Amino acid sequence: MLLSVERPFVGASAFHIPGATLLHRNGLVRAVLPASTDVVIVGAGPAGLLLSHLLHLEGIDSVVLEARSRDHVEQRVRAGVLEQGTVELLEAAGVAERLHREGMVHHGIELRSGGRRHRVPLTELTGRSITIYGQQEVVKDLIRARLEAGGQVLFEVSDVRLDGLDGDRPAIRFRAAGQDQELACDVVAGCDGFHGVCRDAVPEAARAVFERAYPFAWLGVLAAVAPSSEEIVYASSDNGFAL
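Everything in this summary refers to the structure shown in the same document.

Scoring rules and cut-offs
- Residues numbered from 1 in each chain as written.
- Predicted model: local features only at pLDDT ≥ 70, side-chain atom pairs only at ≥ 80, totals over all residues.
- Heavy atoms only, no water.
- Pairing = 2+ DSSP bridges.
- Helix = DSSP H or I, 4+ residues; strand = E, 2+ residues; numbered from the N terminus.
- Axes fitted to C-alpha atoms, helices over the stretch in contact; angles between N-to-C directions.
- Contact = heavy atoms within 4.5 Å.
- Disulfide = S-S within 2.5 Å.
- Buried < 20%, exposed > 50% of the residue type's maximum accessible area, 1.4 Å probe, protein only.
- Core = buried A, V, L, I, M, F, W, Y, C linked by side-chain atoms within 4.5 Å.
- Salt bridge = Lys/Arg side-chain N within 4 Å of Asp/Glu carboxyl O.

Details of the sheet that holds strand 13 (residues 171–176)
Within a sheet, neighbouring strands are paired by backbone hydrogen bonds and run either parallel or antiparallel to one another.
Reasoning step 1: A sheet is described by the order of its strands in space; here 3 strands give the open sequence 12-13-14, paired in antiparallel fashion. Because the sheet does not close on itself, it has two edges, and the strands there are strand 12 (158–163) and strand 14 (179–184). Ignoring strand direction, the axes of neighbouring strands in this sheet form an average angle of 15°.
Reasoning step 2: In this structure, strand 12 lies alongside strand 13, joined through 4 bridges in antiparallel fashion. Each bridged residue has a counterpart across the sheet, and for Leu162 the counterpart in strand 13 is Ile172.

Pasting the structure below:
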């Protein structure tokens with residue numbers, strides 16, 4: 001059984017559901033989607049995309065649902081430091097070629113506070129290092145890997161509803177390209193973060209929340225300039241904290 005979505009065809013970029021079969025007929029483009037899959041992953045951030053690719057490597061099918069556009073998730077600036085364990089996992093998944101080519105490996109970090117500087121030699125102490133490589137770059141690499149492998153990543157999906165989570169065959173209902181859709185699956189993976197739909201879908205009795213709220217936020221500035229230091233610097237002063 002297949003699900004399909006139809007809308008007027010006005011150009012190659014007007015309707016984009018990667019991994020689906022596109023059929024053109026009478027001026028319409030139809031995206032033919034499977035009615036079921038092994039795992040539905042909500043959220044096309046690093047966690048959801050990497051999970052989808054790791055499942056693929058084990059022969060397990062998945063569909064990724066993402067509320068934002070592909071351009072948005074590929075340009076969204078987040079963290080930029082990868083610990084060695086993460087780098088090794090990306091290597092094992094076969095998606096670290098550009099990371100090794102463009103990432104900057106740091107063998108230590110520097111702490112600055114009260115006018116004093118202190119270097120922590122990570123590699124000397126632990127044999128491990130960190131790599132400076134933006135999260136948005138990891139997302140680009142993972143999306144490319146999923147599409148090249150024939151994976152299904154659906155962007156600009158709305159009205160996601162999770163049904164039957166306490167049963168053996170959950171169903172995910174959502175809206176894509178102006179059409180209501182439904183996917184049955186064995187497992188739902190909620191990778192859509194704190195503000196996503198999956199968090200509240202967990203029954204309150206089965207949910208344990210541990211949080212600590214700080215009375216401040218952070219501001220990230222991405223500059224296309226040469227690094228100001230050979231290694232990452234963590235600085236604290238009366239004016240606040242800087243990384």
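Here's the deal with the sheet that holds strand 15 (residues 187–190)
Reasoning step 1: Taken together, the 4 strands give an open sheet; going across it, the order is 11-5-4-15, and neighbouring strands pair in parallel fashion. One side of each edge strand has no neighbouring strand; the edge strands of this open sheet are strand 11 (152–154) and strand 15. Averaged over all pairs of adjacent strands, the angle between their axes in this sheet comes to 20°, without regard to strand direction.
Reasoning step 2: Against the sheet, helix 1 (residues 46–57) touches strand 4 (39–42), strand 5 (62–65), strand 11 and strand 15, its axis set at about 160° to strand 4.

Description of the state of the cysteines
As used in these notes, a disulfide is a covalent bond between sulfur atoms, one from each of two cysteines.
Reasoning step 1: Using the criterion set out here, one finds 0 disulfides in the structure.
Reasoning step 2: Cys198 carries a free sulfur, and the closest cysteine sulfur to it, the one in Cys191, is 7.8 Å from it.
Reasoning step 3: In this structure Cys198 comes out as buried when scored by relative accessible area, which is 9%.

Some words on the environment of Asp159
Reasoning step 1: Take Asp159: it is sitting in strand 12.
Reasoning step 2: For Asp159, a relative accessible area of 49% gives the class partly exposed.
Reasoning step 3: For the pair formed by Asp159 and Phe174, sequence separation is 15 residues and the distance between their alpha carbons is 5.2 Å.
Reasoning step 4: Sequence-distant contacts of Asp159, defined by excluding residues within four places in its chain, comprise Arg173, Phe174 and Arg175.

What about the nonpolar core?
Reasoning step 1: In this structure, Leu49, Leu82, Leu90, Leu99 and Leu142 are the most contacted members of the largest nonpolar core, which totals 24 residues.
Reasoning step 2: Secondary structure elements with two or more residues in this core: strand 4, helix 1, helix 3 (84–92) and helix 6 (135–148).
Reasoning step 3: Among the elements that make up this core, the one with the highest residue count is helix 6 (5 residues).
Reasoning step 4: Every residue in contact with Leu82, bar those within four places of it in the chain, is listed here: Val87, Leu90, Leu99, Ile130, Thr131, Tyr133 and Val138.
Reasoning step 5: Among the nonpolar cores identified, the runner-up in size contains 14 residues, and Val63, Leu65, Phe174 and Leu183 belong to it.

Comments concerning the pattern of salt bridges
Reasoning step 1: Here the structure, examined in full by the defined rule, presents 16 salt bridges.
Reasoning step 2: For Arg117, the salt bridge identified is with Glu110, shortest N-O distance 2.8 Å.
Reasoning step 3: Classification of Arg117 as exposed rests on a relative accessible area of 60%.
Reasoning step 4: Among the residues examined, Glu110 registers a relative accessible area of 12% and is labelled buried.
Reasoning step 5: With a shortest N-O distance of 2.8 Å, Arg175 and Asp180 are connected by a salt bridge.
Reasoning step 6: Looking at Asp180, the relative accessible area reads 54%, which means it is exposed.
Reasoning step 7: Overlapping salt bridges bring together Glu97, Arg98, Arg101, Glu102, Glu137, Lys140, Asp141 and Arg144 as one network.

So far we have only geometry, and geometry alone does not tell us how the molecule works.
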